[in-house]
Amino acid sequence: PPAIVSTSDPIYSNGYMIQTQEPSNNDYTIQEDEWDRDLLLDPAWEKQQRKTFTAWCNSHLRKTGTGIENIEEDFRNGLKLMLLLEVISGERLPKPDRGKMRFHKIANVNKALEYITSKGVKLVSIGAEEIVDGNIKMTLGMIWTIILRFAIQDISVEETSAKEGLLLWCQRKTAPYRNVNVQNFHVSWKDGLALCALIHRHRPDLIDYAKLNKDDPMGNLNLAFEVAEKHLDIPKMLDAEDIINTPKPDERAIMTYVSCFYHAFAGAEQAETAANRICKVLGVNQENERLMEEYEKLASELLEWIRQMTPWLEDKSPETSLAAMRGKLEDFRDYRRLHKPPRVQEKCQLEINFNTLQTKLRISNRPAFMPSEGRMVSDITSAWTGLEQAEKGYEEWLLSEIRRLERLDHLAQKFQMKATSHEAWSVGKDRVLSSKDYESCSLPELRALLRKHEAFESDLAAHQDRVEQVAAIAQELNELEYHAASVINERCQAICDQWDQLGTLTQKRRDNLERMDKLLETIDQLFLEFSRRSAPFNNWMEGAMEDLQDMFIVHSVEEIQSLISAHNEFKATLPEADCERQAILSAFTEVQKIAQSYGISRNIPNPYSDITPAEIGLQWEKVKKMVPQRDSVLQEEMSRQLANEQLRRQFAAQVNIIAPWIQTRMEEIGRNSADIGGPLEDQMSQLKQLEQVITNYKSNIDKLEEHHQHIQECLIFDNKHTNYTMEHIRVGWEMILTTIARTMNEIETQILTRDAKGISQQQMNEFRQSFTHFDRKKKGGMETDDFRACLISMGYDLGESEFARIMTLVDPNGSNKVTFQSFVDFMTRETGDSDTSEQVLASFKILASDKPFIMPEELRRELPPEQAEYCISKMPLYKGPDGVPGSLDYSAFSTALYGESDL
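For every chain, the first residue of the written sequence is number 1, and numbering continues from 1 along that sequence. In keeping with the predicted nature of the model, local features appear solely for residues at pLDDT of at least 70, side-chain atom pairs appear and are counted solely at 80 or more, and the whole-chain, interface and lining totals rest on all residues. In computing side-chain properties, one takes all heavy atoms of the structure into account and sets aside hydrogens as well as water.

Heads up, the rule is: UniProt positions are given in the numbering used here, feature names are shortened, and annotations may be inferred rather than shown by experiment.
If you check an unreviewed UniProt entry, the protein appears there as Actinin, alpha 2b from Esox lucius. Quoted verbatim from the Sequence similarities (unreviewed entry) heading of the UniProt record, the comment on the protein is "Belongs to the alpha-actinin family." Per UniProt, the protein carries the Subcellular location (unreviewed entry) text "Cytoplasm".

See the structure below:
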């Protein structure tokens, strides 16, 4: 056959094409063997080429309503040859000469050959005269040249072309099929299975490949020829007998026939590629929608929990009992220990999911996700801040209310004790003061009554302080809003009214006695001294017993030491009091002696006082018994306060270690995030190791929380041994968990951006170095002037309008601050490639066969079921004038995927 080579500068000489340069090694037209015109074709090959090339030409000429029967005769006048070139190229050739003379035919053939040459093909030894003369060898060589140029040359698979590309396409399509091994375009096709495999690969409904037999090549070939002609519009170009009976079938005939299959299935290949692209885009969009729905669900649940907790924490309705308030404190501890930690984790995970979603949307050129109103990350942060403020205020209120109720219980008990003591003392006093016994008594009895009344006045004055104490305690209970204040006030008012009445009656009785004293001058003085000394002493003992029984409340070792010191001072006065007691008893004995000397019975009652030596002795014994009891109570309280002090020291020892540890880990996280020298994966690995260290340290926080709970149960509210509180540790712990999670998310975002945009580690480090250098204030963002300087240093020639355009990309909110993520997105947009709405639109156009709309059945045929139904549910109906019922608008859908329409 004639050898042909490609060139762009053909040279003509005597009607023949002359090769003027060596063909390149990549030229698809190079012959495997040197061509010998005398041995051009094997007769069997010539027969196969004649039949195949004739059928190939007729497959195109039939489009114009004509054809050829004899390939060497029907092209001699050049008319059908020019017509064939116009059909396969789609271009108009020069107007042919209509004469029947030889020179007319040669002119027409030359026009055809010149057109072939204009397409970059050099014809070697093929002239118009040989075609006009009906030279079958030259004619077949010319047709093969046309087939190569217009049917095979444009085939390209993975940067191979022509013959190699067609062979690679066949190999890939038949690779999964048994008994098929395509290695060439001759013997690999003899058994017919390769042709059947090509048909089955693209149209499995036409051939049942499983029923084919390798030992029946005739049946296989005829089946392939019949199916191709009937269903694929590929004419029968070969005879099964010729292929089977020829040791090596003609390669050109096989290539010509196989190329028809390639072009027949080219549209299906394009549709498959378009479907794959659409599936990829839809898969990304569906995943993004799932993440959006998950974010909305988590945000709604977290906000609902915050809305439920906040009113509870803001409810500061006081309780009337200490036990009820302690129950509230226990409920609050359960909330902080059991209910809040999972929500802290949910909040952190929500922020991570939001950042990951936004990164995926940026990478896939989708618009940023805007959560529904009230569910932004800032809204959740604001609600969380309000919750924590309410939580802090609630805890402070609980502790303050417990202290208040403790104080109220102490005061109420103290009031009851003093009020009971006073009421017991005042029983019958008004009756005695209202008595008129002085009217019928003798002078000594009158003087006795007068002295007795003076003693009572002394006793009354001594009780004035107790009444004032009762009133003061009642006043304080009212100020502290004691729940039973009305009962206290009623009892206090009764005591005060009685006290006023006693004062009035006392003054009235004194007036009466003094009036009678003018009549009765003699009064017995024997018991006066006893009464004067015994009454104050008895009152002192009563006061001492009250002090020894007095309840107290302390919160420190210093306070209990002060009480012990006061008690020791009281004990130091006991010897002096004992001397006074003995003196009083001696005075009473002397009074009895004097009375006896006057003939008065020794056992007569004291006319001036109801106090007897036996009562004084009994009271004194009670005082002495109460002293060691008071010692024991004070020592027990001292032991409790010492134990509380030990708890304070133990808590301080733990918290003084944990707080610096948390600060050190925060600094490590900061140093890791600031390290720009190493790969992002190394930074992520270091952060994961640090996260594991932090997780393992959680047990120390739990132990400290248990210790703190024990301290609160012991009602310890201050600690002078440390400046840290449990609240500091909680805040620090939540901050370190949130910080490391956010830092890891930032690194992961950088990795996603780097991988998706094809950025190397070196490029990412260069971005970070540039950003760090121009972030002059080191606040995590470049200001406008710093960003301009950064761009100039990187070689950008910026005008005001261009810089304003760039700023709208990197700072859409107008904050005059460019973050690192915005900077990386800008740099990757400048250098990277990504899918666009135009590409998706072009893919849908292929599936729709160039129609401006697409039908649901076309989507179901070309796309997987899930993606097809997704498109059908999302695409709007096509509203164009050329639409049909049920047609869908894929153009609006494609732009909506990238946020470029209002769909």
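Section: the pattern of salt bridges
A side chain with one charge may pair with a side chain of the opposite charge, provided their charged atoms come close. Which entries qualify depends on this criterion: For this analysis, a salt bridge means a side-chain nitrogen from Lys or Arg found within 4 Å of a carboxyl oxygen belonging to Asp or Glu. Only runs of H or I of at least four residues qualify as helices and only runs of E of at least two qualify as strands under DSSP, and these elements are numbered from the N terminus. When a residue's accessible area, from a 1.4 Å probe over protein chains only, is under 20% of the maximum for its type it is buried; when over 50% it is exposed; and in between it is partly exposed.
What the rule picks out here adds up to 58 salt bridges. For Lys340, the salt bridge is made with Glu734, and the minimal N-O distance between the two is 3.6 Å. Of this pair, Lys340 sits in helix α12 (residues 322-363) while Glu734 is found in helix α23 (residues 726-757), placing the two residues 394 residues apart along the sequence. The same class applies to Lys340 as to Glu734, namely buried.

Some thoughts on the nonpolar core
Note the threshold: Each nonpolar core is a collection of buried residues, namely Ala, Val, Leu, Ile, Met, Phe, Trp, Tyr and Cys, held together in the definition by side-chain atoms within 4.5 Å. Should any heavy atoms of two residues lie within 4.5 Å, those residues are counted as being in contact.
If you look at the biggest cluster of nonpolar residues, it comprises 79 residues, and the most contacted ones within it are Trp56, Ile146 and Trp189. Among the elements that line this core, the one with the most residues is helix α6 (residues 136-152), at 12 residues. The contact partners of Ile146, leaving out residues within four places of it in the chain, are Trp56, Leu81, Leu85, Ile88, Ile116 and Ala151.

Some points on the packing of α12 against helix α22 (residues 698-713)
We count it as follows: Angular values range over 0 to 180 degrees, each being the angle between N-to-C directions of two axes fitted as lines to C-alpha atoms, with helices fitted over their stretch in contact. Our angle categories are set so that under 35 degrees counts as roughly parallel, over 145 as roughly antiparallel, 65 to 115 as roughly perpendicular, and the remainder as oblique. When residues are grouped by polarity, Ala, Val, Leu, Ile, Met, Phe, Trp, Tyr, Cys and Pro land in nonpolar, Asp, Glu, Lys and Arg in charged, and all others, Gly among them, in polar.
Between α12 and α22, whose axes approach to 13 Å, the crossing angle comes to 170°. The angle between α12 and α22 falls in the class roughly antiparallel. Counted together, Glu330, Arg333 and Arg337 of α12 and Gln709, Gln712 and Glu713 of α22 form the full contact between these two elements. Tallied by class, the residues present in the contact of α12 with α22 amount to no nonpolar, 2 polar and 4 charged.

Regarding the packing of aromatic side chains
Just so we agree on the cut-off: Only centres within 6.5 Å qualify two rings of Phe, Tyr or Trp (six-membered ring in Trp) as a pair; their planes then separate them into stacked at under 30 degrees, edge-to-face at over 60, and tilted for everything else. For a Lys NZ or an Arg CZ to count as sitting over a ring, it must be within 6 Å of the ring centre and within 35 degrees of the ring normal.
Inspection of every chain in the model, using the stated rule, returns 26 aromatic pairs. When the ring of Phe332 is compared with that of Tyr394, the centres are 5.6 Å apart and the planes differ by 50°; the resulting orientation is tilted. Of the two residues, Phe332 sits in helix α12 while Tyr394 sits in helix α13 (residues 377-426), which places them 62 residues apart along the sequence. Take Phe332 and Tyr394: they sit in the same class, and that class is buried. Taken together, the ring pairs in this structure connect Trp305, Trp312, Phe332, Tyr335, Trp384, Tyr394 and Trp397 into an aromatic cluster. The ring of Phe150 has Arg149 lying over it, and the distance from NZ or CZ to the ring centre is 5.1 Å. The ring of Trp425 carries the charged tip of Lys429 above its face, separated from the ring centre by 5.0 Å.

Considerations on the environment of Pro885
Structurally, Pro885 is set in the loop between α30 (865-874) and α31 (890-897). Judged by relative accessible area, which is 80%, Pro885 ranks as exposed. Taking the C-alpha atoms as reference points, Pro885 and Met855, separated by 30 residues in sequence, lie 9.1 Å from one another.

Regarding the side chain of Ser556
The condition that has to hold: N or O atoms within 3.5 Å of each other form a polar contact, as long as, within protein, one can give a hydrogen and the other can take it, and as long as residues adjacent in sequence are counted only when both atoms are side-chain atoms.
With respect to the secondary-structure elements, Ser556 resides in the loop between α17 (528-549) and α18 (557-572). Looking at Ser556, its side chain comes within polar contact range of the main-chain nitrogen of Glu559, at 3.3 Å.

What about unusual backbone geometry?
Even without a glycine there, the phi angle at Asp233 is positive, about 60°. Along the polypeptide, Asp233 turns up in the loop between α9 (217-231) and α10 (240-245). Positive phi, close to 70°, is recorded for Asp850, a residue that is not glycine. Here Asp850 lies in the loop between α28 (837-847) and α29 (856-862). Here Asp850 falls in the exposed class, since its relative accessible area comes to 59%.

Quick look at α18
One turn of an α-helix holds 3.6 residues; hence residues three or four places apart share an orientation. Selection rule: Here, expected helix span is obtained from the residue count minus one, scaled by 1.5 Å. What the arc describes is the spread of directions from the helix axis to the C-beta atoms.
Over its 16 residues, α18 runs 22 Å from end to end, which matches the ideal 22 Å to within 8%, given 1.5 Å per residue. Among all positions in α18, only Val557, Ile560, Ile564, His567 and Phe570 are buried. The buried residues of α18 occupy one face: seen down the axis, they fall within an arc of 140°. Exposed and facing more than 90 degrees away from the buried side of α18 are Glu569 and Ala572.

Some remarks on empty space enclosed by the protein
The condition is simple: Think of a 1 Å grid over the protein atoms and nothing else: a 1.4 Å probe that fits but is trapped marks a cavity, an open set flanked by protein within 12 Å on at least five of seven lines marks a pocket, and residues with an atom within 4 Å of a point count as lining. Grid points are joined across faces, edges and corners, and a volume is the space filled by probe spheres set on the points. Each domain's limits were defined by an automated method or a database of domain assignments.
Applying the stated criterion to the full structure yields 3 cavities of 30 Å³ or more. One number sums up the size of the largest cavity: a volume of about 90 Å³. Phe332, Arg333, Arg336, Arg337, Glu395, Glu705, His708, Gln709, Gln712 and Arg730 together form the lining of the largest cavity. Of all elements in the fold, only α12 and α22 reach the threshold of two or more residues within the lining of the largest cavity. Of the residues in the lining of the largest cavity, the class split is 1 nonpolar, 3 polar and 6 charged. Counting contributing residues per domain, the lining of the largest cavity is built from domain 2 (284-410) and domain 4 (643-750), each supplying no fewer than three.

Focus on the confidence of the model for the protein
Let me state the cut-off plainly: The predictor reports its confidence for every residue as pLDDT, a score running from 0 up to 100.
For the protein, mean pLDDT is 81; residues scoring 70 or higher make up 87% of the total. Confidence, read as mean pLDDT per element, is least for strand β2 (residues 11-13) in the protein (27) and greatest for helix α8 (residues 193-202) (92). Scored below 50 in pLDDT, residues 598-602 makes 7 contacts in the model with residues more than four places away or belonging to other chains.

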